[in-house]
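# Per-entry structural report
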Amino acid sequence: MKIKFWGTRGSIPVPGSKTIQFGGNTSCVQIISDGDFIILDAGTGIRELGNDLLQKYSCRDIHLLVTHTHWDHIQGLPFFRPLYSEKCKLKIYSENKFGYSVAKVFETQWDPNYFPVTAEIFNDKVEYIKISDLEAMDINGFKVTYIETHHSAGTLAYRIEKDGKSVVYMTDNELNYNAKNNLPTTDEILNNNKDQIDFIQNADVLIHDSMYQIEDYGDKIGWGHSNNYSSAIFATLGNVKKLLLFHYDPDYTDDKIKNIVRETKVFIDELNSPVLCEAAYDGMEIDI
Ligand SMILES: [Zn+2]
Ligand SMILES: [Zn+2]
């Protein structure tokens, strides 16, 4: 199984000279195995992925799992060129807790106030699937399970398994602990995030929301995102092999993210944890 990162930034795209190494595209990840693939989220990174797919494949059914529909997870979709190719079909899996159908939420992107193409042209090409209507998901041979995160209502994390390998994609998740005066402790993360710890158990790779460096987190408590220290403890409690930091604050420069990785590795050592840690970046590919 291979993971390819097309967008790793949180909130808003941030191109520019300070984000060259880690990239500025918002969330989009591709999981690939034996020529089949699943797409996770449709942030601005999905534009380049679409171009890549049109070069590599003669088109097919494409499966897109969306964690939630905040801008940074859907904003690239109108620029996903396979949508406009005659032979491609797209299945969009999502959840929604705000009273609209999944179709209505996505089709709003093609309202003429926002985009010159209208949604009707996709009527026979796009299928919208509400995740909670499904019993289980077997997509192109990938076993997919999900859990709700600590974020806006209906935000999901996905666990994808194939051939004995597993990846958890858990972006936009604020690990709960009493953060007012304290650094996170193992006990606090354990006691307040039990279901999620069970969900990530023994994963080969955990891609996790690490939007903030610990020193910046105090002003952002309750915003729905985690820090690098809580992510490290969480990964340790989940017995995952590798933690990939993901969904960086848009104000974070390459230098800042490099500093966060260094700091996180030191913290993991202090925990006596065997978890490996890297920072995901746009264009990163890893085999597991
Ligand atoms: Zn986000
Ligand atoms: Zn969000």
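Described in the following lines is the structure provided in the data block. (Residues numbered from 1 in each chain as written. Chains lettered and ligands numbered in written order. Predicted model: local features only at pLDDT ≥ 70, side-chain atom pairs only at ≥ 80, totals over all residues.)

The next subject is the overall build of the protein chain. Assigned secondary structure in the protein chain consists of 8 helices and 14 strands. Compactness check: the protein chain gives a C-alpha radius of gyration of 18 Å against a globular reference of 19 Å for 288 residues, within 12% of the reference. With respect to the principal axes defined by its C-alpha atoms, the protein chain has extents near 55 × 40 × 40 Å. Counting over 288 residues, the protein chain shows a buried share of 46%. A separation threshold of at least 6 residues defines the contact pool for the protein chain, and within that pool the share at least 24 residues apart is 68%. (Helix = DSSP H or I, 4+ residues; strand = E, 2+ residues; numbered from the N terminus. Rg over C-alpha atoms; globule rule 2.2 N^0.38 Å. Buried ≥ 20, exposed ≤ 12 C-beta atoms within 10 Å, placed from the backbone. Contact = placed C-beta atoms within 7 Å.)

Moving on to the pairing of strand 6 (residues 126-130). With 5 bridges connecting them, strand 5 (residues 89-94) and strand 6 associate as parallel partners. Across the sheet, Ser 94 pairs through a bridge with Lys 130, a residue of strand 6. (Pairing = 2+ DSSP bridges.)

Let's shift gears to the nonpolar core. Here is a general trend for soluble globular proteins: nonpolar side chains tend to be buried in one another's company. Core analysis: the largest hydrophobic core is formed by 76 residues, its most contacted members being Ile 31, Val 167, Leu 206 and Ile 207. At 6 residues, helix 7 (residues 228-237) tops the list of elements feeding residues into this core. Excluding anything up to four places from it in sequence, Val 167 contacts Met 1, Ile 3, Ile 31, Ile 160, Ala 203, Asp 204, Val 205, Ile 207 and Ile 288. (Core = buried A, V, L, I, M, F, W, Y, C linked by C-beta atoms within 7 Å.)

In this model, His 247 sits at a positive phi of 65 degrees, which is unusual for a non-glycine residue. Residue placement: His 247 occurs in the loop between strand 12 (242-246) and helix 8 (254-270). Non-glycine residue Asn 272 carries a positive phi angle of around 55 degrees. With respect to the element layout, Asn 272 can be found in the loop between helix 8 and strand 13 (276-279).

Moving on to the sheet that holds strand 13. Pairing is mixed in the open sheet, where 7 strands are placed in the order 7-8-9-10-11-12-13. Here the strands that pair on one side only, and so sit at the sheet edges, are strand 7 (137-139) and strand 13. Neighbour-to-neighbour, the strand axes of this sheet turn through a mean angle of 20 degrees, independent of strand direction. With respect to the sheet, helix 8 is in contact with strand 12 and strand 13, its orientation differing from that of strand 13 by roughly 170 degrees. (Axes fitted to C-alpha atoms, helices over the stretch in contact; angles between N-to-C directions.)

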